[in-house]
Amino acid sequence: MRLAQHMAVASDQVRADCIEANEFPEWSQQYRVMAVPKVVINDRVQFEGALPERDFLSAVLRAVNGGGTPA
Amino acid sequence: MPILTDRDREAVTKEFEKLTDPVKVTVFSQELGSETCQQTEWLVKEVVDLTDKASMEVLNLILDREKAEAYGVDRVPAVVVEGTKDYGIRFFGIPAGYEFTNLIDAVVLVSTGKPSLSEETRAALAALASPVHIKVFATPT
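The structure contained in this document is the topic of the report that follows. Predicted model only: the values in this text are computed from it and were never measured.

To continue, consider the overall build of chain A. From N to C terminus, chain A includes three helices and three strands. From first element to last, N terminus to C terminus, chain A shows the α and β order α-β-α-β-β-α. A compact globule built from 71 residues should have a C-alpha radius of gyration of about 11 Å, and chain A, at 12 Å, falls within 12% of that. Within chain A, buried positions represent 48% of all 71 residues. For chain A, contacts bridging at least 24 residues in sequence account for 29% of all contacts bridging at least 6. By element, 47% of the accessible surface of chain A is carried by carbon and sulfur atoms, the whole surface being about 3,400 Å². Across chain A, the centroid of the 7 positively charged side chains sits 8 Å from that of the 9 negatively charged ones.

With that settled, the discussion passes to the interface of chain B and chain A. Chain B puts 45 residues into the contact, and the matching count from chain A is 43 residues. Note on chain B versus chain A: buried area summed over both sides is about 4,400 Å², and carbon and sulfur give 58% of it. Looking at the side of chain B facing chain A, the largest losses of area belong to Ile134, Lys135 and Phe137 of chain B, adding up to 20% of the total buried there. At the boundary of chain B and chain A, one finds three salt bridges. Here Lys85 of chain B and Asp12 of chain A are joined by a salt bridge, their closest N and O atoms 2.6 Å apart. Taken together, chain B and chain A are joined by 32 residue pairs in polar contact (both at pLDDT 80 or more). No other element matches the seven residues that strand 5 (residues 132–138) of chain B contributes to the side of chain B that touches chain A. In this sheet, strand 5 of chain B lies alongside strand 2 (residues 38–41) of chain A in antiparallel orientation, the contact comprising four bridges.

Basis of the calculations
Residues numbered from 1 in each chain as written. Chains lettered and ligands numbered in written order. Predicted model: local features only at pLDDT ≥ 70, side-chain atom pairs only at ≥ 80, totals over all residues. Heavy atoms only, no water. Helix = DSSP H or I, 4+ residues; strand = E, 2+ residues; numbered from the N terminus. Rg over C-alpha atoms; globule rule 2.2 N^0.38 Å. Buried < 20%, exposed > 50% of the residue type's maximum accessible area, 1.4 Å probe, protein only. Contact = heavy atoms within 4.5 Å. Areas by Shrake-Rupley, 256 points an atom, 1.4 Å probe, with all protein chains shown as cover. Lys, Arg positive; Asp, Glu negative; His and termini not counted. Charge placed at Lys NZ, Arg CZ, Asp CG, Glu CD. Buried area = accessible area lost by both parts, 1.4 Å probe. Salt bridge = Lys/Arg side-chain N within 4 Å of Asp/Glu carboxyl O. Polar contact = N/O pair within 3.5 Å; in protein donor to acceptor, adjacent residues only side chain to side chain. Pairing = 2+ DSSP bridges.

This is the structure in structure tokens:
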């Protein structure tokens, strides 16, 4: 969540939601959350676990450039 | 019965020495919502009470529907952390456990407006032409 928050402050285009998975089981199920942290970007790109900043940024760019598959 | 321990309070107070600009924390709650709505209100109140730079507002998801929509909040409990502007930081569910650290980090971040990211990341984010919505699913433990 740390990187997502910092990115939200760095850009007006970025919104960062931190979701407590246990409290929202249906929401978690919708995104097939099996392990945490699970990150979903624009419902297109998703990954589990913490990524270094460079890889996180790549995932963001993939999500806006039409990469990934719908979550 | 306070949620934060003396040690938590001490650590957060120290962290809040970094605050510069005012912070507004909005909690969306619901009377008939889960038990965590009440706990979230209490937790956030204890946090904002540790500094005179932060204020708190509690809104109702149904009664304050227009504001909820404006903030993009559609379930409770939800916590919006804003500085002099809304940077787009939201918490859904009680921000306790590991997420408590992120809540405190968010308060400091929106107050200072200074993200710690590499030049490369900042440049790439500055060039974004369309919205990016990041959801991070986490658990408190």
